[in-house]
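# Structural overview for review
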Amino acid sequence: MGNQYPKFSLCILYSTNLLSKHSNFHAFRGITMAKVKASYVCTDCGSEYVRWLGQCNDCKAWNTISEFRQAKSSPRSSSFSGFAGAAGSQVQTLDAIDLTDLPRFSSGFSEFDRVLGGGIVPGSAILIGGEPGAGKSTLLLQTMCTLAENMEALYITGEESLQQVAMRAKRLGLATNKLKMLSETSVENICLIAEKEKPKIIVIDSIQVMHMSDIQSAPGSVSQVRETAAYLTRFAKQHHVAMLIVGHVTKDGSLAGPKVLEHCIDCSIMLEGSTDSRYRTLRGHKNRFGAVNELGVFAMTGGGLKEVKNPSAIFLTRGEEQTPGSAVMVLWEGTRPLLVEIQALVDHSALGNPRRIAVGADQNRLSMLLAILNRHGGLQMNDQDVFVNVVGGIKVAETSIDLALILALVSSFRDNALPQELVVFGEVGLSGEIRPVPSGQERINEAAKHGFKKAIVPFNNMPKDKIEGMEVIGVKKLSEALEVM
Ligand code: TYD
Ligand code: MG
């Protein structure tokens, strides 16, 4: 998906710059510019024709008809107005704006609410992205069945038949008597029906099958996805309806994914987790109403998605005996800490070019840490295959993983297990210094709460007061951390 968009914009440049006069490129021009319709107009009397004529049929004048290009007047030109809600042209001060109709409402899942920044805001457009099979439809069906108890809710399915959705709802034991269902893929029709039904919340499943009659390209193409999402967003803002839009992301990016419409929606949320793993994480990538780095954790069970209220406990289920190559760290996700286990396997390589594989962590960061370890820790792993895994299918983007990763690597390399009750976090700089990370105190508290007795942390993250039952060791340099180990 990453390289699809640039390719596309290349086409646009090509068509507009070089071939804009070429008649075969109408379809392309339609995407990039305002739609241009050629008509023929008599310059004397103003009569309009679809093709050129020598004499005007109305005023009978000769040689007065010339080509005229005008932007096509279509619902799209009206879609440029009112995008940010009710269109009005009067200027007012911020404090004069009426805020009374903006209370958030809960989705029924506290983990979902947390990622949304505290609940669903009326009139917002929320994109739920994820790979096919991640559980987007399941999550939204569960949410909508709960919400329908108290408010008008409309679920639009474009992918599954109504029977399929009904069967799933029945199997999951959801309340089915209130939720309104519609099978439709035309956004114009959807908005017409929504205007009549007046729901407070709408689910569109999914944006890739929606289409607008105005646009020639197939559903799922970049122009369709963008325009339909913009149309739905505008409807949401103008009618104060919360719009939850499902968007598939595929690994190879063959479908126009959520990235192309992230600019027009208010929140973009990804449901992640491989289909063979039990856990799914919900993470905000853009949120106009709250912080983005919040993480919600769900478990996919036989009875649908269930919230995981204490994720640290499940990501840390380990055996009695501590094995080499495993280190526990404390992540900081939005507003809460999360304990995760980092595993490393360092093994002699039979290949000339040893492998470096990281699952759940950044591969480039791994290469960098191996170089730091070589230079400042005196440990050479040039002839070793290195595998790293973050347990539980979590993806760690934080730099606080550095120290835990290094200790796991060293532990595996030396075949020497770290103590069971040890927890580690900290960023490692290129000169081998250990840098502090945000919310150090809270991380240590969380580890203590889960029974950890010892922590290796950056020196600047040392807590001011002693923590009951926890020995905290502050380190300034990588060599100090390796000594403590
Ligand atoms: P689905 O919500 O259809 O995924 P998406 O809409 O994101 O494509 O979820 C499909 C997967 O979830 C499917 O592979 C089976 C699994 N699943 C369960 O394990 N338990 C359940 O109760 C349900 C409804 C689905
Ligand atoms: Mg689905």
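The following refers to the structure shown. Because the structure is predicted, anything quoted here is derived from the model rather than measured. (Residues numbered from 1 in each chain as written. Chains lettered and ligands numbered in written order. Predicted model: local features only at pLDDT ≥ 70, side-chain atom pairs only at ≥ 80, totals over all residues. Heavy atoms only, no water.)

Strand order across the open sheet formed by seven strands is S15-S16-S14-S13-S17-S20-S21, with mixed pairing between neighbours. Looking at which strands have only one partner, the edges of the open sheet turn out to be strand S15 (356-359) and strand S21 (471-475). Ignoring which end each strand starts from, the neighbouring axes of this sheet average 25 degrees apart. In the sheet, S15 pairs with strand S16 (residues 384-390) via four bridges, with the strands oriented parallel. From the neighbouring strand, Ile357 faces S16, where its bridge partner is Phe387. (Pairing = 2+ DSSP bridges. Helix = DSSP H or I, 4+ residues; strand = E, 2+ residues; numbered from the N terminus. Axes fitted to C-alpha atoms, helices over the stretch in contact; angles between N-to-C directions.)

One broad trend across soluble globular proteins is that nonpolar side chains are buried collectively. Core analysis: the largest hydrophobic core is formed by 48 residues, its most contacted members being Ile342, Leu373, Val388, Ile394, Leu403, Ile406 and Leu409. In terms of residue count, the dominant contributor to this core is helix H11 (residues 401-414) (nine residues). If we skip the residues at most four places from it in the chain, Val388 touches Ile342, Gln343, Ala344, Ile357, Ala358, Val359, Ala361, Leu366, Leu405 and Leu409. (Core = buried A, V, L, I, M, F, W, Y, C linked by side-chain atoms within 4.5 Å. Buried < 20%, exposed > 50% of the residue type's maximum accessible area, 1.4 Å probe, protein only. Contact = heavy atoms within 4.5 Å.)

Our focus in this paragraph is the site of ligand 1. The immediate surroundings of ligand 1 are formed by 17 residues, with Gly133, Lys136, Ser137, Thr138 and Thr301 found nearest. Interatomic distance of 3.1 Å between a backbone N/O atom of Gly302 and an oxygen atom of ligand 1. Ranked by the residues each element gives to the shell around ligand 1, the list is headed by helix H5 (residues 136-147), at three residues. Residues of the shell around ligand 1, tallied by class, amount to four nonpolar, nine polar and four charged. (Near = heavy atom within 4 Å. Polar contact = N/O pair within 3.5 Å; in protein donor to acceptor, adjacent residues only side chain to side chain. Nonpolar A, V, L, I, M, F, W, Y, C, P; charged D, E, K, R; others polar.)

Turning our eyes to something else, we now look at unusual backbone geometry. Between Asp205 and Ser206 the backbone carries a cis peptide bond, its omega angle lying at -5 degrees. Within the fold, Ser206 resides in the loop between strand S7 (201-205) and helix H8 (222-239). The residue Lys198 is not glycine, and still its phi comes out positive at about 50 degrees. Position of Lys198 relative to the elements: it lies in the loop between helix H7 (187-197) and S7. The class of Lys198 is exposed, set by a relative accessible area of 58%. You will see that Asp415, though not glycine, has its phi angle at about 55 degrees, which is positive. Looking at the element boundaries, Asp415 is found in the loop between H11 and strand S17 (422-424). With a relative accessible area of 60%, Asp415 lands in the exposed category.

Turning to the side chain of Gln322, a few remarks are in order. Tracing the backbone shows Gln322 in the loop between helix H9 (311-315) and strand S13 (326-333). With residues near it in sequence (within four places) discarded, Gln322 still touches Ala417, Leu418, Pro419 and Gln420.

Taken in spatial order, the nine strands make up an open sheet running S6-S5-S7-S8-S4-S9-S10-S11-S12, and their pairing is mixed. Sheet topology places strand S6 (180-183) and strand S12 (304-307) at the edges, where each strand pairs with a single neighbour. Taking each pair of neighbouring strands and ignoring which way they run, the sheet shows an average axis angle of 25 degrees. As judged from the four bridges shared by S7 and strand S8 (residues 242-248), these two strands associate in the parallel manner. Across the sheet, the residue bridging to Ile202 is Met243, located in S8.

Let us now look at the side chain of Glu446. Residue position: Glu446 is located in helix H12 (residues 440-449). Overall, the relative accessible area of 8% leaves Glu446 in the buried class. Setting aside anything within four residues of it in sequence, one finds Glu446 in contact with Ser312, Val330, Pro337 and Leu339.

This model, assessed by the stated rule, comprises 11 salt bridges. Between Asp402 and Arg365 there is a salt bridge, and its shortest N-O distance comes to 2.8 Å. Here the residue Asp402 occupies a position in helix H11, and Arg365 occupies one in helix H10 (residues 363-377), the gap between them amounting to 37 residues. The buried category is assigned to Asp402, whose relative accessible area is 0%. (Salt bridge = Lys/Arg side-chain N within 4 Å of Asp/Glu carboxyl O.)

We now examine the environment of Phe109. Turning to its location among the elements, Phe109 is positioned in the loop between helix H3 (75-78) and helix H4 (110-116). Under the relative-accessibility criterion, Phe109 is labelled buried at 11%. Sequence spacing of Phe109 and Thr146 is 37 residues, and the spatial spacing of their C-alpha atoms is 9.5 Å. Ignoring anything within four residues of it in the chain, the contact list for Phe109 reads Leu139, Gln142, Thr143, Phe298, Leu305 and Glu307.

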